[in-house]
Amino acid sequence: MDGRAGEIIRTVPRQLGDAANALRRKLVYGYLLRNPAMKDGDPLFHANHGNLNTASALAATGKFEAARAAMQILQQDGIDLNLSANYLIVPPNLVDTGEVMLSSSALAKRQAGASAPKIVSDSLLQNGLSDPYTGQTVTGSATTWYLAADGEHGQSLQVRYM
């Protein structure tokens with residue numbers, strides 16, 4: 001075996017792993033950015049679902065608290081879901097804003113006994129991507145942010161492996 005074969009054996013598995021990780025990120029964030037129609041015909045994020053606020057600047061006073069409260073009163077088929085905001089998903093330019101907001105003393109007092117949401121960020125949210133399902137370019141946003149529950153309380157966006 002020559003030196004090139006050994007190099008290929010060492011690098012190809014790493015490259016395949018990197019490609020799989022990039023695909024997973026594109027699948028998840030592409031789904032969020034694409035905002036596909038759900039079973040009811042409305043997009044995933046829609047006023048009819050109680051999960052869309054078009055005037056929702058993250059730093060605006062009360063916006064995060066209002067979104068978190070809206071999650072807690074969501075219902076599905078007349079049943080209260082009582083979802084907790086476990087993740088604050090933001091583009092890179094909103095990470096600092098999210099950290100300041102989550103560490104504010106007013107929010108910390110309201111969060112007594114509960115853990116604050118974990119901040120999750122990815123450049124794809126801001127830069128956009130080529131959707132792995134359709135091949136279409138999906139535009140990112142520097143201002144759009146999401147709250148997510150942990151998935152233990154019903155239906156959620158999940159990535160599964162076969």
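Residues numbered from 1 in each chain as written. Predicted model: local features only at pLDDT ≥ 70, side-chain atom pairs only at ≥ 80, totals over all residues. Heavy atoms only, no water.

### Some thoughts on the overall build of the protein chain
- Within the protein chain, the secondary structure is distributed over five helices and seven strands.
- Put simply, the protein chain has 162 residues, and 25% of those count as buried.
- Sequence separation of 24 or more characterises 67% of the internal contacts of the protein chain that already satisfy a separation of 6 or more.
- For the protein chain, the exposed area adds up to about 10700 Å²; of that, 53% sits on carbon and sulfur atoms. (Helix = DSSP H or I, 4+ residues; strand = E, 2+ residues; numbered from the N terminus. Buried < 20%, exposed > 50% of the residue type's maximum accessible area, 1.4 Å probe, protein only. Contact = heavy atoms within 4.5 Å. Areas by Shrake-Rupley, 256 points an atom, 1.4 Å probe, with all protein chains shown as cover.)

### Observations concerning the packing of aromatic side chains
- As enumerated under the stated definition, the model contains two aromatic pairs in all.
- With 5.2 Å between their ring centres and 45° between their planes, Phe-45 and Tyr-146 make a pair best called tilted. You can see Phe-45 sitting in the loop between α1 (3-34) and α2 (63-72) and its partner Tyr-146 sitting in strand β7 (residues 146-148), a full 101 residues away along the chain.
- A relative accessible area of 17% means that Phe-45 is categorised as buried.
- The class of Tyr-146 is buried, set by a relative accessible area of 9%.
- Relative to Trp-145, the ring of Phe-64 lies with its centre 6.4 Å away and its plane at 35°, an arrangement referred to as tilted. (Phe/Tyr/Trp six-rings, centres within 6.5 Å; stacked < 30°, edge-to-face > 60°.)

### Focus: the environment of Leu-44
- Counting through the fold element by element, Leu-44 comes out in the loop between α1 and α2.
- Classification of Leu-44 by relative accessible area gives buried; the value is 17%.
- In this structure the C-alpha to C-alpha distance between Leu-44 and Arg-34, which are ten residues apart in sequence, comes to 9.1 Å.

### Quick notes on the side chain of Ser-141
- Structurally, Ser-141 can be placed in the loop between β6 (137-138) and β7.
- In this structure Ser-141 comes out as buried when scored by relative accessible area, which is 18%.
- When near neighbours in sequence (up to four residues on either side) are disregarded, Ser-141 contacts Pro-91, Leu-125 and Gln-126.

### Digging into the sheet that holds strand β3 (residues 87-90)
- Strands sit in the order β4-β3-β7 across an open sheet of three strands; the sheet is mixed. Looking at which strands have only one partner, the edges of the open sheet turn out to be β4 (118-121) and β7. Across the sheet, the mean angle separating the axes of adjacent strands is 25° when strand polarity is ignored.
- Inspection of the sheet shows β3 paired to β7 by three bridges, in the antiparallel sense. (Pairing = 2+ DSSP bridges. Axes fitted to C-alpha atoms, helices over the stretch in contact; angles between N-to-C directions.)

### Concerning the pairing of β3
- Relative to β4, β3 runs parallel, the two being bridged by four bridges. Residue Val-90 lies in a different strand from β4, and its bridge partner there is Ser-121.

### What about the side chain of Asp-122?
- Looking at the secondary structure, you find Asp-122 in the loop between β4 and α5 (123-127).
- Of note is the side chain of Asp-122, whose polar atom sits 2.6 Å from the side chain of Arg-25.
- Excluding residues within four positions of it along the chain, Asp-122 makes contact with Arg-25, Tyr-29, Val-90, Pro-91 and Pro-92. (Polar contact = N/O pair within 3.5 Å; in protein donor to acceptor, adjacent residues only side chain to side chain.)

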